[in-house]
Amino acid sequence: MERSSSITDRSRSRTTLAERRLSDNVFPLPGPFRAQRIVEMQGALHAAQALFPDATREELRATAAGSDPRLYDRDRDFLVLSYHSIVVRTPGLTILVDCCIGNDKPRSRNANFNQRRGTFLQDLAAAGVTPEDVDIVMCTHLHVDHVGWNTRQENGEWVPTFPNARYLFAKSEVEHWQQVLETTPAEEVNHGSWADSVAPVFDAGQAEVVAMDHEVADGIDLIGAPGHTPGNVIVRLDDGGERAYLTGDVIHHPVQVERPEWSSCFCWDPAMSAETRVKTLATVAEEDAWLLPAHFPTPTAGRVRSTASGFRMAWWK
Ligand SMILES: [Zn+2]
């Protein structure tokens, strides 16, 4: 709508700017789903070759993502990564997918993760979601950077951050880490995150262990995608016409769209991880669906196109 007064023009431009900031993180998914990214941390955070040991510096730089300054810091050969949750809202449910790193957690092996005092809950509130509003929490897997906000500290105790939520965990994933914990001290497993970010959810009776392939609600499914971890899952949204895939760490960084054979140093079974990644990219491309990974930095989401040599991203903006 056109307006003439200069005062209104100024207020309109402020609104437009705020909306633009918001829309960076709100994905225009079709149908009843609204998906919004809550960013805990974003930046040039990881040495590229350390994350992808099979890639050379030249190969990393030669990818489209390696040439894109939003995604790759060529001065240091660092990958730009985001640590975010995705809030999915339907008319009846508020779902939080992946829970980042969390506040106040002792993570002596990673300075970026250690004793954080971030604004995650305020940012969630700014998106219109209080902890009480969250109905379902879904961790695609149980690595330290996906479980953190499962809990928060209250009077020296770790308690579930989302008091009314059911927390869904894939059975194979839970069993795998329980097995690891039988032979390894808890503080050495996933930076100690089982003890402060997973076990308290079980203790509170809010954990629900489900199959890797599981219908969460109408149009919302978990799909088994093992490799990065044994019980890794993808969350698929399907409005009956179009789909979105919240792929967690099946794919960490956009360089892997072109080079899906590169598995990360954190993958449990690198070969299986690569196989799952190729299969996932092929499905997303074939269905012309949305790809919403857990660590892609801004613009984060897009579609995947098949090319003569493999795949490429088609960013949504
Ligand atoms: Zn991760």
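Note that the structure is a prediction, hence the values are computed from the model and not measured.

Asker: Tell me what's going on with the overall build of the chain, and back it up with residues and numbers.
Answerer: Of the regular secondary structure elements, the chain holds nine helices and 17 strands. Taking 20 Å as the expected radius of gyration for a compact globule of 317 residues, we find that the chain reaches 20 Å, a close match to that expectation. Dimensions of the chain along its principal axes, counting C-alpha atoms only, are 70 × 50 × 40 Å. Looking at the 317 residues of the chain, the share that counts as buried comes to 44%. Sequence separation of 24 or more characterises 66% of the internal contacts of the chain that already satisfy a separation of 6 or more.

Asker: Tell me about the pairing of strand β4 (residues 78-89), and please be specific about residues and values.
Answerer: Counting buried positions along β4 yields ten of twelve residues, so the element is predominantly enclosed. Bridge analysis of strand β2 (residues 34-47) against β4 gives twelve bridges, and the strand direction is antiparallel. Bridging across to β4, V39 finds its partner in H84. Counting the residues that bridge the hairpin from strand β3 (residues 72-73) to β4 gives four residues, and of these D77 lies at a positive phi of roughly 55°. One ladder, built from four bridges, connects β4 with strand β5 (residues 94-97); its direction is antiparallel. Bridge assignment links V88 to a residue of β5, and that residue is I95. Adjacent in sequence and paired antiparallel, β4 and β5 are bridged by four residues.

Asker: Give a description of unusual backbone geometry that names residues and reports values.
Answerer: Residue P299 is bonded to the preceding T298 through a cis peptide linkage, with omega at 15°. With respect to the element layout, P299 can be found in the loop between β15 (290-293) and β16 (302-306). One non-glycine residue, D104, lies in positive phi territory at about 65°. Of note, D104 is situated in the loop between β5 and α4 (120-126). A tally of 15 C-beta atoms within 10 Å means that D104 is categorised as partly exposed.

So, how was this worked out
- Residues numbered from 1 in each chain as written.
- Predicted model: local features only at pLDDT ≥ 70, side-chain atom pairs only at ≥ 80, totals over all residues.
- Helix = DSSP H or I, 4+ residues; strand = E, 2+ residues; numbered from the N terminus.
- Rg over C-alpha atoms; globule rule 2.2 N^0.38 Å.
- Buried ≥ 20, exposed ≤ 12 C-beta atoms within 10 Å, placed from the backbone.
- Contact = placed C-beta atoms within 7 Å.
- Pairing = 2+ DSSP bridges.

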